[in-house]
Amino acid sequence: MSTTAVAPTTGVNYLNAQYGIRSWLLTTDHKRIALLYLGSVTFFFLIGGAAAVLMRLHLIEPQGALLEPATYNKMFSMHGIIMVFFFLIPSIPAVMGNFLVPMMVGARDLAFPRLNLLSWYVYIVGGLFTLYAVVAGGVDTGWTFYTPLSTTYANGNVMAAALGVFITGFSSILTGLNFVVTIHKMRAPGLTWFRLPLFLWAIYATSIIMILGTPVLAITLLLVALERTFHVGIFDPALGGDPILFQHLFWFYSHPAVYIMILPSMGVVSELVTCFSRKRIFGYSFVAFSSVAIAVISFLVWGHHMFVSGQSVYAGLVFSALSFAVAIPSAIKVFNWTATLYKGSVSYQAPMLYALGFIGLFTMGGLTGLFLASLATDIHLHDTYFVIAHFHYIMVGGALMGYLGGLHFWWPKMTGRLYPDGWARFSALVIFIGFNLTFFPQYILGYLGMPRRYAVYPEEFQVLNVMSSAGASILAVGYLIPLVYFIWSIRYGPPAGPNPWGAKGLEWETPSPPPTENFEEVPVVEEEAYAYGEKEAHVV
Amino acid sequence: MATHELTGTPGAALDAAVARESAWSGGGSPYAIGSKKLGMWLFIISDAITFSALLIAYSYVRVASNDWPMPFHFWPSIIKTTVMTFVLLTSSVTMVMAVHAGKLERRATAAKWIAATMLGGLTFIVLHALEWRDLIHEGVRLFQSPWGTPLFGAAFFTLTGLHMTHVAIGVVYLGTVATLFARGRLSSEDVEVSGLYWHFVDLVWMFIFPLVYLLSVRMS
Ligand code: HEM
Ligand SMILES: [Cu+2]
């Protein structure tokens, strides 16, 4: 690692500019808000993770080892709701996006700093509602809140949980709006659209989905809450409503939402792959436009979640074809990353290991998506563990790996400290192994017909389930190691210097941790993004 | 797209571009609207989708139902809602006048036009509340309806309720803008941005009025 021997930053930076809890809770500094989010999403990740651990322990035995079946239902619901809405959706956008969008465009803050702080509070209020639902006895609808289960039959605090998700939705919308305006309006001189780091293209596309998709989820969950409380009947056939309408509205948001979770991670991986290959990314504009293409097409494929819900065969055909289409831009990205590695001078530092993990696991998840997008195979695989494995490969193997890769990459910038690289590489390896051991068996289980969301299962599935549970405990260790050395590094880590990776990009041209105003003077951009080795090229 | 900046050669072209733009605007020349205005447009798009989702849900259950009631009589309902529509449209006109006066920096005049707009909004809310009262009198509730499917009440109150909330928020918002603008604390762009919101709320009604009212008139 080229730790440029810069003396520990003695100057004033955003972390020591002000002290006291008020200076954090009332801050409008995007970097501090990013850290508020970092703390909160980590908290939710640990809660969601605890639920996962309990479920995997329970499933060690066919008749269930630990929980009442009703409790098991509450566990997977809580796990899904918290991980999707309170961890993964805000993770990269709200933590790294907040920290990096202004720095990468060369601005002092986001376009609307106070709105940004408000978004965090909205998120916290939504989180409190959901935590209340958990503490007051749980919810057992799953993260999908399907009607009529959620409106009529479910026990527990559907109302509080649905309102919690409804409220956090506004936090997403406002964050997305802030990012779009910032990227349009606040770029430094010379920073044209096609010089933007690909992370920003990804965040831009994500923000568009947040702005266009989230309102539909919000209004749908509001209708569920109304129906549950007042029996208004929009989704209740007995009153003339239609439960399938719920599924349409829900997936109209929630399929695009899976791209809210994965696109930012793809953006991170684009940054990491170029930096650690010391090479300009292969096909910059393809990678950039594929983000936009994904954002657009993702709104047209929601019906692939409803192949067996009684939707017409012709609708199913169209949705199936469009779902295949959405895989194309994803594949374009994978090819471009791989082509960037080719003939690059690749170095395998911790962030890069996470990025490579992402590429492999995301590819697995994406390809199995195609099995599910095929009408005939989906009839067999729908609502089995195959689906669970599919989306965990993408959301955990992909999105979460990317998040951790990004965290390892920008941690020195955020804190001004280095973490122990050896431990970081070790944890990347543990996570990769633990992950595959946990989720690969689930593909097989699903293929063999084990349904999802069941607290018990036939004896013959036990071996694969035990493998999965064993993998989960390795995975848990893998996640705890970074938690320890990150916290350790805040106090004891060696100073990082402004640019420990020798990376390109405006955020590396300012001290670590950056001063409150980010840049002492307005930076002027005179080169393309990722101009690695450009100098040598000019000399020749 | 700002093609002159895409050549990749830093130098004359870039300097010229930088000189044309203010220091923070990057390659943003085709998007020369203010941040707040862009923010409001994005919000409007988002909110429009909220209403679309609800209107689609409404249309869906309405088409699927075989006893959707036709409760509105020409008098008083349709006359009343036509007046409401007229009031709301007029308030959009006064808002245009406010924005115009704001652009000319006639702050007091702008505030007066905004006050007229708010009056239109309040009149709309009052008339709408009376309309609600009449329906509630006849037995329509959020979860029941004296005629046909109970979904009528649900759809009616959710849609018009959400819209009325928007109008009420708009009145408060306009009041704030008028006060601060008159005191010189806001710019004319802020007035224009609040105008965007107001026109949007107005436009939403132009969808609700035919879909909810005109399509449910009892012909007798
Ligand atoms: C490469 C493109 C993709 C395709 C073609 C695809 C296809 C599918 C299909 C057809 C299903 C429904 C399976 C069923 O319920 O029977 C599904 C489920 C799911 N997918 Fe994907 N998918 C893709 C990418 C993603 C991504 C990027 C994510 C997340 C970041 C994701 C997350 C999910 C989730 C969460 C579910 C399960 C939802 C539930 O029922 O709880 N998928 N996918
Ligand atoms: Cu989907």
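These figures come from a predicted structure and were not determined experimentally.

Asker: Break down the overall build of chain A for me, with residues and values.
Answerer: The helix and strand tally for chain A stands at 16 helices and 0 strands. In terms of overall dimensions, chain A is globule-like: its C-alpha atoms have a radius of gyration of 23 Å, near the 24 Å expected for 540 residues. Here chain A, with 540 residues, has 56% of them falling under the buried criterion. Summarising the internal contacts of chain A: among those between residues at least 6 apart in sequence, 84% fall at separations of at least 24.

Asker: I'd like to hear about the site of ligand 1, residue by residue, with values.
Answerer: All names here are of chain A. Neighbouring residues of ligand 1: 25 residues in total, closest Val258, Gly369, Leu372, His382 and Phe391. Counting residues per element, the ones that place at least two in the shell around ligand 1 are α8 (243-277), α10 (313-341), α11 (350-373), α12 (375-381) and α13 (385-415). Element by element, the count of residues in the shell around ligand 1 is highest for α13, at 6 residues. Along the lines of polarity and charge, the residues of the shell around ligand 1 split into 15 nonpolar, 9 polar and 1 charged.

Asker: Hey, could you go over the confidence of the model for chain B for me, with residue numbers and the actual values?
Answerer: Residues and elements named next belong to chain B. In this model, chain B carries a mean pLDDT of 84, and residues with pLDDT of at least 70 account for 85%. Mean pLDDT across the elements of chain B bottoms out in helix α1 (residues 12-20) (46) and peaks in helix α6 (residues 188-213) (94). Note on residues 1-30: pLDDT is under 50 here. Beyond four places in sequence and across chains, it has 44 contacts. Both confidence scores are given for the complex: pTM 0.89, ipTM 0.84.

Asker: Could you give an account of the confidence of the model for chain A, naming the residues involved and the relevant values?
Answerer: All names here are of chain A. Confidence in the prediction of chain A, expressed as mean pLDDT, is 92, and 97% of residues score 70 or more. With pLDDT under 50 throughout, residues 1-9 is counted as low confidence; its partners more than four residues away or in other chains account for 16 contacts. Contacts from residues 535-540, a stretch scored under 50 in pLDDT, to residues over four places away or in other chains number 0 contacts.

Asker: For the packing of helix α3 (residues 69-105) of chain A against α8(A), give the residues involved together with the corresponding values.
Answerer: All names here are of chain A. α8 packs onto α3 with a crossing angle of 40° between their chain directions and a minimal axis gap of 8 Å. With respect to α8, the element α3 is oriented oblique. Of the two possible hands of crossing, α3 and α8 adopt the one that is left-handed. Facing α3, whose interface residues are Leu88, Ile89, Ile92, Pro93 and Gly97, α8 presents Ala257, Ile260, Met261, Pro264, Ser265 and Val268. Partitioned by chemical class, the residues of the contact of α3 with α8 number 9 nonpolar, 2 polar and no charged.

Calculation notes
- Residues numbered from 1 in each chain as written.
- Chains lettered and ligands numbered in written order.
- Predicted model: local features only at pLDDT ≥ 70, side-chain atom pairs only at ≥ 80, totals over all residues.
- Helix = DSSP H or I, 4+ residues; strand = E, 2+ residues; numbered from the N terminus.
- Rg over C-alpha atoms; globule rule 2.2 N^0.38 Å.
- Buried ≥ 20, exposed ≤ 12 C-beta atoms within 10 Å, placed from the backbone.
- Contact = placed C-beta atoms within 7 Å.
- Near = placed C-beta within 6 Å.
- Nonpolar A, V, L, I, M, F, W, Y, C, P; charged D, E, K, R; others polar.
- pLDDT = per-residue confidence, 0-100.
- Axes fitted to C-alpha atoms, helices over the stretch in contact; angles between N-to-C directions.
- Parallel < 35°, antiparallel > 145°, perpendicular 65-115°, else oblique.
- Left-handed = near helix turned anticlockwise from the far one by under 90°.

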